[in-house]
Amino acid sequence: MKRSRLNLFKATSMSISVLGIILIIATLVLFAYIGISSLTSSITTDVGSGSAYDQLAVLKSDYNTLNDQFTSVQQSVDTSNNKNAKTAFINAKLELVKANSDINDVESALSAGKSKDEVTQRINAAQSQLNTARSSLASVKGML
């Protein structure tokens, strides 16, 4: 009887050890899967946002060009005595400030890792605001 209990104890402890090793291996595989999955997701997100960073660079370049145009027109507006042109220039300058704010919103969304749809929406808003500022500047030039 003693021998059968000893054999039963050996079999039980051996099966518990094997089960423990299997659970450890399963846990390691699960953690590896989660790590690879998150890494793949991160790489996909970075590649997808690459074009958004390119669009942001274009927006900043357009803004700088438009800001230079505003600076050159401001001298003409200041020397003229046309109050309507001065008022229109102030309103156009306000549109330019709004465009800069929208561009900063795009940059903020990209750095915060917002969704692609939200970044695209903010890019479109910034482009629209730049076009509004551009047309406002054109109307001021037309008054001079």
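The preceding data block contains the structure.
All of these numbers come straight from a predicted model, not from anything done at the bench. (Residues numbered from 1 in each chain as written. Predicted model: local features only at pLDDT ≥ 70, side-chain atom pairs only at ≥ 80, totals over all residues. Heavy atoms only, no water.)

Section: helix H4 (residues 116-143)
Here is the rule we go by: Numbered from the N terminus, helices here are DSSP runs of H or I no shorter than four residues, and strands are runs of E no shorter than two. By definition here, a helix of n residues has an expected span of 1.5 Å times n minus one. When a residue's accessible area, from a 1.4 Å probe over protein chains only, is under 20% of the maximum for its type it is buried; when over 50% it is exposed; and in between it is partly exposed.
An ideal rise of 1.5 Å per residue puts 40 Å on 28 residues; H4 measures up with 41 Å between its terminal C-alpha atoms. Of the positions making up H4, those classed as buried are Val 119, Ile 123, Ala 126, Gln 129, Leu 130, Ala 133, Ser 136, Leu 137 and Val 140.

Examining the packing of helix H2 (residues 50-79) against helix H3 (residues 83-112)
Selection rule: Note on geometry: axes are C-alpha line fits, over the in-contact stretch for helices, and angles between N-to-C directions span 0 to 180 degrees. To sort the angles, those under 35 degrees are grouped as roughly parallel, those over 145 as roughly antiparallel, those from 65 to 115 as roughly perpendicular, and the leftovers as oblique. By the definition used in this description, the sense in which the near helix is turned from the far one sets the handedness, with an anticlockwise turn below a right angle giving left-handed and a clockwise turn giving right-handed. Charged residues are taken to be Asp, Glu, Lys and Arg, nonpolar residues to be Ala, Val, Leu, Ile, Met, Phe, Trp, Tyr, Cys and Pro, and polar residues to be all remaining types, Gly included.
In the contact formed by H2 and H3, the axes pass within 10 Å of each other and the chain directions differ by 160°. One way to sum up the angle between H2 and H3 is to call them roughly antiparallel. For H2 against H3, the interelement crossing comes out left-handed. Along the lines of polarity and charge, the residues of the contact of H2 with H3 split into 16 nonpolar, four polar and five charged.

Remarks on the side chain of Gln 129
Definition in use: We call two residues in contact when some of their heavy atoms are within 4.5 Å.
Relative to the helices and strands, Gln 129 resides in helix H4. Dropping the residues within four chain positions of it, Gln 129 is found in contact with Glu 95, Lys 98, Ala 99 and Asp 102.

Some remarks on the nonpolar core
One recurring pattern in soluble globular proteins: nonpolar side chains tend to sit buried together. Stated formally: Grouping buried Ala, Val, Leu, Ile, Met, Phe, Trp, Tyr and Cys residues that are joined through side-chain atoms within 4.5 Å yields what is termed a nonpolar core.
Leu 59, Leu 66, Phe 70, Ile 103, Val 106, Leu 130 and Val 140 are the most contacted members of the largest nonpolar core, which has 24 residues in total. If you list the elements that add at least two residues to this core, you get H2, H3 and H4. Sorting elements by how many residues they give to this core places H3 first, with nine residues. With near-sequence residues (within four places) excluded, Val 106 lies in contact with Leu 56, Leu 59, Arg 122, Ile 123 and Ala 126.

A short note on the packing of aromatic side chains
Both the distance between ring centres and the angle between the ring planes are used here to describe each pair of aromatic rings. Keep this limit in mind: Within 6.5 Å between ring centres, the rings of Phe, Tyr and Trp (the latter by its six-membered ring) count as paired, and their orientation is classed by plane angle as stacked under 30 degrees, edge-to-face over 60, tilted in between.
With the rule as written, the count across this model stands at one aromatic pair. Considering the side-chain rings of Phe 70 and Phe 89, the 5.8 Å spacing of their centres and the 50° angle between planes classify their relative orientation as tilted. Of this pair, Phe 70 sits in helix H2 while Phe 89 sits in helix H3, and the two are 19 residues apart along the sequence. Exposure class is identical for Phe 70 and Phe 89. Each is buried.

Structural notes on the pattern of salt bridges
Opposite charge on two side chains permits pairing when their charged atoms draw close. Applied cut-off: One side-chain nitrogen of Lys or Arg within 4 Å of one carboxyl oxygen of Asp or Glu is enough to make a salt bridge.
Scanning the model with the defined rule gives three salt bridges in all. Glu 107 serves as the salt-bridge partner of Lys 60, at 3.1 Å between the closest nitrogen and oxygen. One end of the pair, Lys 60, is in helix H2; the other, Glu 107, is in helix H3, and 47 residues separate them in sequence. Of the charged contacts, one joins Glu 95 and Lys 98 as a salt bridge, the two residues approaching to 3.8 Å between their closest N and O atoms. In this pair, Glu 95 and Lys 98 both sit in helix H3, three residues apart, roughly one turn of the helix. Residue classification places Lys 98 among the partly exposed residues on the basis of a relative accessible area of 38%.

Thoughts on H3
Spacing of three or four residues puts side chains on the same side of an α-helix, whose turn is 3.6 residues. Applicable threshold: Whenever two N or O atoms come within 3.5 Å, that pair is a polar contact, provided that in protein one can donate a hydrogen and the other can accept it, and provided that, for residues adjacent in sequence, both atoms are side-chain atoms.
For H3, with 30 residues, the first-to-last C-alpha span of 43 Å sits near the 44 Å given by 1.5 Å per residue. All buried positions along H3 are accounted for by Ala 85, Ala 88, Phe 89, Ala 92, Glu 95, Leu 96, Ala 99, Asp 102, Ile 103, Val 106, Ala 109 and Leu 110. For H3, the elements touching its buried residues are H2 and H4. Capping the start of H3, Asn 82 holds a side-chain oxygen 3.0 Å from the backbone nitrogen of Asn 84, two or three residues further along. Among the residues trailing H3, Gly 113 stands out with phi positive, at a value near 75°.

Quick word on the packing of H3 against H4
Between H3 and H4, the shortest axis-to-axis distance is 8 Å and the interhelical angle comes to 165°. In this view, H3 runs roughly antiparallel relative to H4, as classed from their interaxial angle. The two elements H3 and H4 meet at a crossing, and its hand is left-handed.

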